[in-house]
Amino acid sequence: MSTKELTFRIDGMHCAACAMGSEKAISKLDGVEEASVNIATEKAFVKYDPEKVSIEEIAKSVKSKGFTPIINKSEIEKQSVIINKIDSDKKNDEIENSGFISQTDEERRLSKEKEIHDMFTKFVVTMCLAIPLFYIAMGPMVPSPIGPWPLPDIISPSTHLLNYAIIQIILVVPIMIIGKHFYINGTKAILTKSPNMDTLVAVGTLAAFVYSLYTTIQIATGTVGHSHHHQLYFESAGIIIALVSLGKYFETKSKGKTSEAIKKLIGLQPNTAVIETEDGEKEVHIDTIKIGDIVIVKPGEKIPSDGIVTYGNTYVDESMITGESVPVAKKEGDSVTGASLNKNGFIKIRIEKTGENTVLSQIIKLVEDAQSRKAPIAKLADTVAGYFVPTVMTIALISAILWYFIGGKDIVFCLTIFVSVLVIACPCALGLATPTAIMAGTGKGAENGILIKGGDSLESAYKIDTVVFDKTGTITEGKPEVTDVLLNSDKFNKEEIISFTASAEKVSEHPLGEAIVRYAEENKIEIFATEEFENIPGKGIKALINGNSIIIGNKKIILSENIDINDSEEKASLLSKQGKTPMYVAINGNIEAVVGVADVVKETSKEAVEKLQAMNIKTVMLTGDNEKTAQAIAKSVGIDTVVSDVLPEEKAKVIKNLQDEGRFVAMVGDGINDAPALAKANIGIAIGNGTDIAIESADIVLMRNSILDVPKAIKLSRETIKNIKQNLFWAFGYNTIGIPVAAGLLYIFGGPLLNPMIAAAAMSLSSVSVVSNALRLKTIKL
């Protein structure tokens, strides 16, 4: 059996250390070739061999770390190794027996909304308790002229010290109960040998609480006097939980915003469709429509799924898919895309694709896959995050011990150091630095019709210094037209030449051949049946028509057949200088004509090349055309270098030659013959209206039929990488400075000692700032 891919959600992760723990657990399984857990999307991507490892074992490895694996119901259909029954109930049972919980997108959305709502509610309740706790605990210590803050005599530390301590316990215990997930998750993480941020918060607040409780017992027994109210740290425990909860709420809400692009795409599809039945029109749910159904779409309605227009004419707004704002004319026989908007005509559509096979579903899958997979730049941060928590706990303990034994400080001072170091440390900022930027970047790309298949592609694109363009369909429209029929003798007239040529080309399906066939059909020129046919890639075709041997193609095929070319070479050269492609037509061993075919250059090609050159990127045009034609087209758009007369199998070699020169190469193409070059290039960029094979081979897909999006894609990559570097600098810098300060570095040189509450606020701010910075990518202009 071939290697399979599995994408699923992991519930219960709270920081980068959680994600690293899950990733390591999955990676250790024999048969897992690749595992990537993304904290920003809360998703795992696993490539595995089903003969060596089962999905039960994958689910079990995630559960061993204390987390819950959740699989999307749409993913169930893809996993034939999991599901081999038709009955949907049995499918769900089998999934549940495998250790996964199945969930639809809607169920997940509602679950996430409830989680965010619950987080906010918990924060509000904790703050309602934490504010009076802070006032009571810190009020008597506030210096004049603004303090001390007044307290009722019954809870004043100077008159009723025990009551002062008990009221703080009454306020802090509910806060700790509300924040019990920190203690539950933190304990699980320690037991599974994967300590995380919850562990740091749990250990820090518990240490402050236990010490304060011990002091309260001493007060109650009369062991200590009134001066010991300074040794109560209940407010630290309460405020830390409240502030961390606030930080987590903002972080979760912000992470949701980075994936808004997917939500927008999912929201594009209509919920219902009107189908034509024997009994008339019938409104049905979108999930029930089938291939072959005739769907009625009225003006102003969305097209429910991909199909072909069978009746009517209209203009369709495809901007939500391609980003192209100008509506596109559609008539009978034209294809339409699901989720696009029918502007002004009444049309009927025959459904050709449904479910996950539609263009919209494929776009959503591409974006989701891109956001699930990690960029290589994330590896350093993930590696650090994996060792981060144990290191911080060690630093906290050693700092406290050193201050006690060498610094000669009391237990209160050392406890402050211990709690501050634990609470200020933030593995989340490290873990979120890259994936949030990748999510925002891929989302921004999708909104502009630029689909990036993975974080690695988005990261690598900024290195591009050379862009290689295929000519036909990329720089040009890909719809060539016959411009000249230059006769070489009087044996055949123009109509007969076109008749023979179109008859042979009818079978070839080459874009230039299609132009001749179209010309014959438009001019009502007879097309004969082809008796024999041979296609010679990169050269031309041979055919037998009405007993005549026909050879059509470029100079290479004529020379290979030992046909005298001299009389016609001047005609071909003249056409080439005009930017037209000359096609030699040989009948029965003699060249009888040269047919000129021209492909119109896209309006945006010149502007795209100029923008790339302004970015110091070299441009190259790769074509099977002759040198003169290629040079003429290249000159019209400003291309730097031309490589002409290239056979399809040689395109990948040209890419390799450029790479051997030390260049980082992007290849832009749209055809089947471009697929090897797209795969060979460092970054393959496919034009969205190209073939499925070209799109499959590419790293980036441009939904608009315009290479103007090539510089936009590179700019997006550069902006994303800049954003990631800013995030990593902040995350590493924050922890590099924050932890030593919390350990008492400033205090050594006469500075202040960091209060644990300030440390908690700083830690919460660090995660939120990283996510907020990533969200700036949504505002950039491409």
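For clarity, every value in this text was computed on a predicted model and none was experimentally measured.

1. Things to note about the overall build of the protein
Moving on, step 1. On a plain count of helices and strands, the protein comes out with 29 helices and 27 strands.
Moving on, step 2. Out of the 782 residues belonging to the protein, those deemed buried represent 54%.
Moving on, step 3. In the protein, 68% of the contacts between residues at least 6 apart in sequence involve partners at least 24 apart.
Moving on, step 4. With the model as given, the accessible surface of the protein reaches about 34300 Å², and the carbon-plus-sulfur share is 56%.

2. So, empty space enclosed by the protein
Moving on, step 1. According to the stated counting rule, one finds 3 cavities of 30 Å³ or more in the structure shown.
Moving on, step 2. Looking at the second largest cavity, its volume works out to about 50 Å³.
Moving on, step 3. Every element with two or more residues in the lining of the second largest cavity is listed here: α9 (234-258) and α29 (756-775).
Moving on, step 4. Of all the elements, α9 adds the most residues to the lining of the second largest cavity, at 4 residues.

3. With respect to helix α2 (residues 55-63)
Moving on, step 1. All buried positions along α2 are accounted for by I55, I58, A59, S61 and V62. For α2, the angular spread of buried residues about the axis comes to 160°, placing them on one side.
Moving on, step 2. Packed against the buried residues of α2 are β1 (4-11), α1 (16-27), β3 (43-48) and β4 (68-72).

4. Some points on the sheet that holds strand β22 (residues 590-598)
Moving on, step 1. Taken in spatial order, the 6 strands make up an open sheet running β17-β22-β21-β20-β19-β18, and their pairing is antiparallel. Only two strands of the sheet have a single neighbouring strand rather than two, namely β17 (481-487) and β18 (532-536). Going from strand to strand, the sheet's axes swing by 20° on average, the running direction of each strand aside.
Moving on, step 2. Of the strand pairs in this sheet, β18 and strand β19 (residues 540-545) are connected by 5 bridges, and their pairing is antiparallel. By the bridge assignment, I536 is partnered in β19 with G540.
Moving on, step 3. Those strands touched by helix α18 (residues 494-508) are β17, β18, β19, β20 (548-553), β21 (581-587) and β22, and its axis lies near 110° from that of β19.

5. Section: unusual backbone geometry
Moving on, step 1. One non-glycine residue, K524, adopts positive backbone phi at about 55°.
Moving on, step 2. As for its position among the elements, K524 is in the loop between α19 (511-522) and β18.
Moving on, step 3. Take K524: its relative accessible area is 76%, and that puts it in the exposed class.

6. Some words on the packing of helix α27 (residues 709-742) against α29
Moving on, step 1. Running from N to C, α27 and α29 point in directions that differ by 170°, and their axes come no closer than 9 Å. As summarised for this structure, α27 and α29 are arranged roughly antiparallel, according to the angle between their axes. In contact with N723, Q726, N727, W730 and Y734 of α27, α29 contributes A759, A762, M763, S766, S769, V770, N773 and A774.
Moving on, step 2. Partitioning the contact of α27 with α29 into residue classes produces 7 nonpolar, 6 polar and no charged.

7. Here's the deal with the nonpolar core
Moving on, step 1. Formed by 145 residues in total, the largest nonpolar core has its most connected members in F8, I26, I464, V467, F469 and V710.
Moving on, step 2. For this core, the leading source of residues is α27, giving 12 residues.
Moving on, step 3. Aside from chain neighbours lying at most four places away, what touches V710 is V467, F469, L612, V668, I685 and L702.
Moving on, step 4. In this structure, I498, V517, I525 and I587 belong to the second largest nonpolar core, which totals 25 residues.

8. Some details on the sheet that holds strand β15 (residues 450-452)
Moving on, step 1. A sheet is described by the order of its strands in space; here 7 strands give the open sequence β15-β27-β26-β25-β16-β23-β24, paired in mixed fashion. If you trace the sheet from one side to the other, it starts and ends with β15 and β24 (641-643), each paired once. The average angle at which neighbouring strand axes cross in this sheet is 20°, direction not considered.
Moving on, step 2. Sheet topology places β15 next to strand β27 (residues 700-702); 3 bridges connect them, and they run antiparallel.

9. Examining the packing of aromatic side chains
Moving on, step 1. The full count for this structure, using the stated rule, is 11 aromatic pairs.
Moving on, step 2. A ring pair is formed by Y311 and F346, whose centres lie 6.2 Å apart and whose planes are at 75°; its orientation type is edge-to-face. Here Y311 is found in strand β9 (residues 307-311), whereas its partner F346 is found in the loop between β13 (341-342) and β14 (347-351), with 35 residues between them in sequence.
Moving on, step 3. With relative accessibility at 44%, the residue Y311 sits in the partly exposed group.
Moving on, step 4. Grouped by ring-pair contacts, the aromatic residues W403, F413 and Y747 constitute a single cluster.
Moving on, step 5. For K24, the ring lying beneath its charged end belongs to Y387, and the centroid distance is 4.9 Å.
Moving on, step 6. Lying over the aromatic face of Y311, K348 brings its terminal NZ or CZ to 5.5 Å of the ring centre.

10. What about the pattern of salt bridges?
Moving on, step 1. Overall, the coordinates contain 19 salt bridges when judged by the stated rule.
Moving on, step 2. Of the charged contacts in the structure, one is a salt bridge between K542 and E561, with a shortest N-O distance of 2.6 Å. Here E561 lies in the loop between α20 (555-560) and α21 (566-577) and K542 lies in strand β19, a separation of 19 residues in the sequence.
Moving on, step 3. Two residues, K656 and D660, come together in a salt bridge whose shortest N-O distance is 3.2 Å. Placement of both K656 and D660 in helix α24 (residues 651-660) is noted, with a separation of 4 residues, approximately one turn of the helix.
Moving on, step 4. The exposure class assigned to D660 is exposed, which follows from its relative accessible area of 54%.
Moving on, step 5. When salt bridges that share partners are traced, they join E42, K112 and E115 into one network.

11. Comments concerning the environment of I116
Moving on, step 1. Structurally, the position occupied by I116 is in helix α5 (residues 105-138).
Moving on, step 2. Through-space distance from the C-alpha of I116 to that of T252 is 7.1 Å; in sequence the pair is 136 residues apart.
Moving on, step 3. Those residues in contact with I116 that sit more than four places away from it in its chain are Y249 and T252.

12. Structural notes on the packing of helix α15 (residues 427-447) against α27
Moving on, step 1. The interhelical angle for the contact between α15 and α27, taken along N-to-C directions, is 165°, at an axis separation of 8 Å. Judged on the interaxial angle alone, α27 and α15 are roughly antiparallel. In this structure, α15 crosses over α27, and the sense of that crossing is right-handed. Within the contact between the two elements, α15 uses A429, L430, A433, T434, T436, A437, I438, G441, K444 and G445 and α27 uses L716, T720, N723, I724, N727, L728, A731, F732 and N735.

Cut-off values and rules
Residues numbered from 1 in each chain as written. Predicted model: local features only at pLDDT ≥ 70, side-chain atom pairs only at ≥ 80, totals over all residues. Heavy atoms only, no water. Helix = DSSP H or I, 4+ residues; strand = E, 2+ residues; numbered from the N terminus. Buried < 20%, exposed > 50% of the residue type's maximum accessible area, 1.4 Å probe, protein only. Contact = heavy atoms within 4.5 Å. Areas by Shrake-Rupley, 256 points an atom, 1.4 Å probe, with all protein chains shown as cover. 1 Å grid on protein atoms, 1.4 Å probe; cavity = no way out; pocket = protein on both sides within 12 Å on 5 of 7 lines; lining within 4 Å. Points joined across faces, edges and corners; volume = space filled by probe spheres on them. Arc of directions from axis to C-beta. Pairing = 2+ DSSP bridges. Axes fitted to C-alpha atoms, helices over the stretch in contact; angles between N-to-C directions. Parallel < 35°, antiparallel > 145°, perpendicular 65-115°, else oblique. Nonpolar A, V, L, I, M, F, W, Y, C, P; charged D, E, K, R; others polar. Core = buried A, V, L, I, M, F, W, Y, C linked by side-chain atoms within 4.5 Å. Phe/Tyr/Trp six-rings, centres within 6.5 Å; stacked < 30°, edge-to-face > 60°. Lys NZ or Arg CZ within 6 Å of the ring centre and 35° of its normal. Salt bridge = Lys/Arg side-chain N within 4 Å of Asp/Glu carboxyl O. Left-handed = near helix turned anticlockwise from the far one by under 90°.

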